[in-house]
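Residue-level structure breakdown
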Amino acid sequence: MVDLTLYAAFLVAAFALCLTPGPDMLFVVAMGARGGPVAGVMAATGVAFGALVHAVAAVLGLSALFTTLPVLYHAIRWAGAAYLLYLAVKAFRDRSGLGSEDERAASERASGPGLLRAFWQGTVTNLLNPKVILFNVVFLPQFVSPGLGHVGRQLLILGATLVLAGLAVDASIGLLAGRLSSLLRRSRRVARGLGIFSGSVFAALAVRLVAAPK
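Right, let's walk through the structure included here. (Residues numbered from 1 in each chain as written. Predicted model: local features only at pLDDT ≥ 70, side-chain atom pairs only at ≥ 80, totals over all residues. Heavy atoms only, no water.)

What about the overall build of the chain?
Rules: Helix and strand labels come from DSSP, where a helix needs a run of H or I of at least four residues and a strand needs a run of E of at least two; each type is numbered from the N terminus. Residues count as neighbours in contact if any of their non-hydrogen atoms are within 4.5 Å of one another. Note that accessible areas follow from Shrake-Rupley with a 1.4 Å probe, and for residues the cover is restricted to the protein chains shown.
Secondary structure summary: the chain contains 10 helices and zero strands in total. Element order for the chain, N to C, with α for helix and β for strand: α-α-α-α-α-α-α-α-α-α. Summarising the internal contacts of the chain: among those between residues at least 6 apart in sequence, 84% fall at separations of at least 24. Surface summary for the chain: the accessible area is close to 10900 Å², and the carbon and sulfur share equals 72%.

See below:
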């Protein structure tokens, strides 16, 4: 169904891309630093789910709309920037890591909804990044062999592979960032610093999304 030589080259390229620090990785690091190791992994899972939606859209040909409708591209770009700024404000105002030991323990026991939020925030952040859509349109077809037929299936396999590679890398980084933050949050000053760090990352990603050329 796929050209094995092309697929091997794709695997190398996919992991190289996933290991290169980018917006998704920085977002996962910020979420892990703010919410702990499980939140970091959940954020990475959300990012992966968003990437899977992008891959399916590319297979269905929906992503090509962004190359023909610049207004749609810019609308999603601004929506993504606004969402990231919303997350930045929430992180700057967060005081959850500054309470007593009993308060932090209660927060951890009630972390279920927070983890679900981490997943959906990762998903929405990825979905509202139009550059990911254009990336799928430009990158994936380079590793498709039309002579084998079933181009849509080939694109889906490549897209799923890229999603799994990204999940493996981002989840590991989110877990590590979360574990380090769990140790550092024992200090109120450091806990506040982690909130400022997370908010700064979200704000910087918003600026990058708006300022970067198409």
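So, the layout of surface pockets
Where empty space is left can be seen by rolling a probe of water-molecule size over the atoms. Here is the rule: Of the two site types, the cavity is a set of points on a 1 Å grid over the protein atoms alone where a 1.4 Å probe fits but cannot get out, and the pocket is an open set with protein on both sides within 12 Å along at least five of seven lines, each lined by residues with an atom within 4 Å of a point. Grid points are joined across faces, edges and corners, and a volume is the space filled by probe spheres set on the points. Classification used: nonpolar for Ala, Val, Leu, Ile, Met, Phe, Trp, Tyr, Cys and Pro, charged for Asp, Glu, Lys and Arg, polar for all others including Gly.
Computed from the structure, the second largest pocket encloses a volume of approximately 640 Å³. The wall of the second largest pocket is formed by 24 residues, among which Leu 17, Pro 23, Asp 24, Val 132 and Phe 135 lie closest to the centre. Elements with a minimum of two residues in the lining of the second largest pocket: α1 (4–19), α2 (23–35), α3 (37–60), α8 (130–139) and α9 (151–184). The element best represented in the lining of the second largest pocket is α9, accounting for five residues. Residues belonging to the lining of the second largest pocket are distributed by class as follows: 13 nonpolar, seven polar and four charged.

Looking at the packing of aromatic side chains
Rules: Two rings from Phe, Tyr or Trp (for Trp, the six-membered ring) form a pair when their centres sit within 6.5 Å of each other. Planes less than 30 degrees apart are called stacked, planes more than 60 degrees apart edge-to-face, and all others tilted. Classification of residues uses two cut-offs on accessible area relative to the type maximum, computed with a 1.4 Å probe and protein chains only: under 20% is buried, over 50% is exposed, and between them is partly exposed.
In the structure shown here, the tally under the stated rule is six aromatic pairs. With 6.4 Å between their ring centres and 90 degrees between their planes, Phe 49 and Trp 120 make a pair best called edge-to-face. On the criterion of sequence distance, the pair formed by Phe 49 in helix α3 and Trp 120 in helix α7 (residues 111–127) is long-range, its members being 71 residues apart. Taking 6.1 Å as the distance between ring centres and 35 degrees as the angle between the ring planes, the aromatic pair formed by Tyr 83 and Tyr 86 counts as tilted. Remark: Tyr 86 and Tyr 83 occur in helix α5 (residues 70–93); sequence separation between them is three residues, near one turn of the helix. Classification of Tyr 86 by relative accessible area gives partly exposed; the value is 46%. Chaining the aromatic ring pairs together yields one cluster made of Tyr 7, Phe 10 and Phe 143.

Points about the packing of α2 against α3
Helix packing for two helices is described by the angle between their axes and how far apart those axes are. This is how the line gets drawn: Every axis corresponds to a line fitted to the C-alpha atoms, with the helix fit spanning only the stretch in contact, and the corresponding angles, defined between N-to-C directions, vary from 0 to 180 degrees. Relative orientations are named as follows: roughly parallel for angles under 35 degrees, roughly antiparallel for angles over 145 degrees, roughly perpendicular for angles from 65 to 115 degrees, and oblique for any other angle. Left-handed describes a crossing whose near helix is turned anticlockwise from the far helix through less than a right angle; right-handed describes the clockwise counterpart.
α3 packs onto α2 with a crossing angle of 150 degrees between their chain directions and a minimal axis gap of 7 Å. Viewed along their axes, α2 and α3 adopt a mutual orientation that is roughly antiparallel. Crossing hand, α2 versus α3: right-handed. Residues Asp 24, Phe 27, Val 28, Met 31, Gly 32 and Gly 35 of α2 touch α3, and the partners they reach there are Ala 39, Gly 40, Ala 43, Ala 44 and Val 47.

Observations concerning the packing of α3 against α8
Interhelical geometry of α3 versus α8 gives an angle of 50 degrees and a closest axis separation of 9 Å. In terms of orientation, α3 and α8 fall into the oblique class. Crossing hand, α3 versus α8: right-handed. Two secondary-structure elements touch here, α3 through His 54, Ala 55 and Ala 58 and α8 through Val 132, Ile 133 and Asn 136. Its residues assigned to classes, the contact of α3 with α8 shows four nonpolar, two polar and no charged.

Comments concerning the environment of Leu 127
Within the element layout of this structure, Leu 127 appears in helix α7. Exposure remark for Leu 127: the relative accessible area of 28% places this residue in the partly exposed category. Along the primary structure Leu 127 and His 54 are separated by 73 residues, whereas in three dimensions their C-alpha atoms are 7.2 Å apart. In contact with Leu 127, other than residues within four places in its own chain, are Gly 50, Val 53, His 54 and Ile 76.

Let's talk about the side chain of Thr 123
Its location among the elements puts Thr 123 in helix α7. If we ignore the near neighbours within four places in the chain, the residues touching Thr 123 are Gly 46, Val 47, Phe 49 and Gly 50.

Observations concerning the side chain of Asp 170
Turning to its location among the elements, Asp 170 is positioned in helix α9. Judged by its relative accessible area of 8%, Asp 170 falls in the buried class. Among all residues touching Asp 170, those that are not within four sequence positions of it are Asp 24, Met 25, Val 28, Ala 44 and Val 47.

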